[in-house]
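# Descriptive structure summary
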Amino acid sequence: MIQVLIVGGTHGNERTGVQLIRRLQASSTELERNHFVAKTLLANQLAMANNRRYLDQDLNRCFSEELLSNIPENREQSRAKEINEQFGPKGPNTQTDWIIDLHTTTANMGITLIVQQNDPLALDMALYVQKQLPGAVIFYEDNAPTTNSFLCSIAKHGFLIEVGPVAQGLLRWDAFEHTRQALSHALDFIDLQLSGQLSLPSIREADVFQFTEKLHLPRDESGEIIGMIHPQLQDQDYCKLSPGEPIFILDTGETVLFEYHEPVYVAFVNEAAYYDQAHGLSLMRKRHLTWTD
Ligand SMILES: [Zn+2]
């Protein structure tokens with residue numbers, strides 16, 4: 001029997017996924033498909049109780065092979081080991097086929113479908129969900145499995161649904177509903193795939209965004225933030241940013257222009273969760289990705 005796990009509360013202040021998991025636990029018919037019944041997990045209940053992303057360390061950075069094999073140094077590392085024992089172990093012998101991890105962002109990113117390593121089946125899932133929800137964006141990261149530190153990397157196939165904008169700690173019906181729909185289509189995909197009813201071309205293709213780097217907010221020598229995202233860039237996630245365009249506005253009123261060697265695309269613009277390291281946005285490149293089985 002295939003094992004499918006749906007996870008919420010990996011980040012304790014992303015309430016949408018938590019609410020959806022609780023709803024699914026209360027009325028489990030939404031977890032059932034012809035070929036499986038999905039399980040659910042609230043990943044970081046301590047952080048949830050404190051309405052914080054994490055207590056000591058981002059749980060979604062604790063699942064690298066190295067961290068999972070070391071003695072835990074904090075509460076999230078301990079929790080990662082527990083989850084890995086219950087649903088892993090990470091690697092070829094994992095007992096979990098799929099993990100679908102539910103997240104929200106404060107950035108204006110709509111429905112983002114994140115595939116965090118080169119996995120044709122997860123890319124097929126993203127493409128399927130995108131066809132059902134036009135406007136959803138595929139975000140692709142080419143992480144190596146061993147160093148991939150995301151929670152969903154302990155399953156054979158991992159998939160993240162990231163919906164925004166929604167403030168930390170907040171519930172918004174639109175974000176909840178988008179998350180619920182994307183999840184439902186993802187579960188349908190697994191069921192169709194198992195039933196052999198998916199007729200996919202031998203070569204699949206999609207436009208995806210691939211992360212390149214994060215940019216810091218303007219800071220002074222002591223590390224204090226001394227500016228903000230420029231209003232022209234605010235909410236412009238997945239738009240193109242060209243060299244010479246405004247990126248930050250300093251507390252002095254001065255505009256900082258984007259200095260770079262080429263145009264890029266932006267995401268996680270003014271993401272509140274990035275303020276712990278004073279990051280202001282992520283740079284992405286747009287790729288036309290093709291893949292086969
Ligand atoms: Zn998150």
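### Quick look at the packing of aromatic side chains
Throughout the structure, instances matching the rule amount to seven aromatic pairs. Summarising the aromatic geometry, the rings of Phe-139 and Phe-268 are spaced 6.0 Å apart at their centres and angled 65° between planes, so their arrangement reads as edge-to-face. With Phe-139 in strand E5 (residues 137-140) and Phe-268 in the loop between strand E12 (264-267) and strand E13 (279-291), this pair connects stretches of sequence that are 129 residues apart. In this pair, the class of Phe-139 matches that of Phe-268, namely buried. Between Phe-209 and Tyr-238 the ring centres are 4.8 Å apart and the planes differ by 40°, which places this aromatic pair in the tilted class. Residue Phe-209 is found in strand E7 (residues 204-216), and its partner Tyr-238 is found in the loop between strand E8 (227-229) and strand E9 (240-241); the two are separated by 29 residues along the sequence. Residue class for Phe-209 comes out buried when judged on its relative accessible area of 8%. The structure contains a cluster of three or more aromatic residues connected by ring pairs, namely Trp-98, Tyr-128 and Phe-189.

### Considering the domain arrangement of the chain
Domain assignment breaks the chain into domain 1 (4-200) and domain 2 (208-291). Between the C-alpha centres of domain 1 and domain 2 the distance comes to 25 Å. In total, domain 1 and domain 2 occlude about 1700 Å² of area from one another, counting both sides; carbon and sulfur atoms represent 62% of this. Considering only the side of domain 1, the residues that lose the most area to domain 2 are Asn-108, Phe-139 and Tyr-140, jointly responsible for 30% of the buried surface there. Applying the counting criterion to the domain 1 and domain 2 interface returns zero salt bridges.

### As for helix H1 (residues 15-26)
Each turn of an α-helix holds 3.6 residues, which means side chains three or four residues apart point in the same direction. Over its 12 residues, H1 extends 16 Å from the first C-alpha to the last, a length consistent with the 16 Å expected when each residue adds 1.5 Å. Residues of H1 that are buried include every one of Thr-16, Gly-17, Val-18, Leu-20, Ile-21 and Leu-24, and no others.

### Focus: the nonpolar core
Counting 46 residues, the largest nonpolar core has Ile-6, Trp-98, Ile-100, Met-125, Phe-159, Leu-183 and Ile-190 as the members making the most contacts within it. For this core, the domains that each give at least three residues are domain 1 (4-200) and domain 2 (208-291). With 31 residues, the next largest nonpolar core counts Phe-63, Ile-83, Val-137 and Ala-155 among its residues.

### Overview of the coordination of the zinc ion
Taken together, His-11 (ND1), Glu-14 (OE), Glu-14 (OE) and His-103 (ND1) make up the full set of protein donors to the zinc ion, lying 2.0 to 2.3 Å away. One can describe the donor arrangement at the zinc ion as irregular, given that its four donor atoms subtend angles of 58 to 152° at the metal. Each donor residue of the zinc ion belongs to the same chain, with the gaps between them written as H-x2-E-x88-H. Separated by 89 residues along the polypeptide, Glu-14 in the loop between strand E1 (4-8) and H1 and His-103 in strand E3 (residues 98-104) bring together distant segments of the chain. The buried category is assigned to His-103, whose relative accessible area is 3%.

### Considering unusual backbone geometry
Residues apart from glycine generally show negative phi values, whereas peptide bonds are mostly found in trans. For the peptide bond that leads from Gly-88 to Pro-89, omega is 0°, which places it in the cis range. Structurally, the position occupied by Pro-89 is in the loop between helix H4 (75-87) and E3. Residue Pro-165 follows Gly-164 across a cis peptide bond; omega there is 5°. Note that Pro-165 resides in the loop between strand E6 (157-164) and helix H6 (173-195). Positioned with a positive phi, Ala-278 is a non-glycine residue whose angle comes to about 55°. Along the chain, Ala-278 turns up in the loop between E12 and E13.

What counts as what
Residues numbered from 1 in each chain as written. Predicted model: local features only at pLDDT ≥ 70, side-chain atom pairs only at ≥ 80, totals over all residues. Heavy atoms only, no water. Phe/Tyr/Trp six-rings, centres within 6.5 Å; stacked < 30°, edge-to-face > 60°. Helix = DSSP H or I, 4+ residues; strand = E, 2+ residues; numbered from the N terminus. Buried < 20%, exposed > 50% of the residue type's maximum accessible area, 1.4 Å probe, protein only. Domains from an automatic or database assignment. Buried area = accessible area lost by both parts, 1.4 Å probe. Salt bridge = Lys/Arg side-chain N within 4 Å of Asp/Glu carboxyl O. Expected span 1.5 Å × (residues − 1). Core = buried A, V, L, I, M, F, W, Y, C linked by side-chain atoms within 4.5 Å. Donors = N, O, S within 2.8 Å, 3.2 Å for Na, K, Ca; no water. Tetrahedral: all angles 85-135°; square planar, octahedral: opposite > 155°, others 65-115°.

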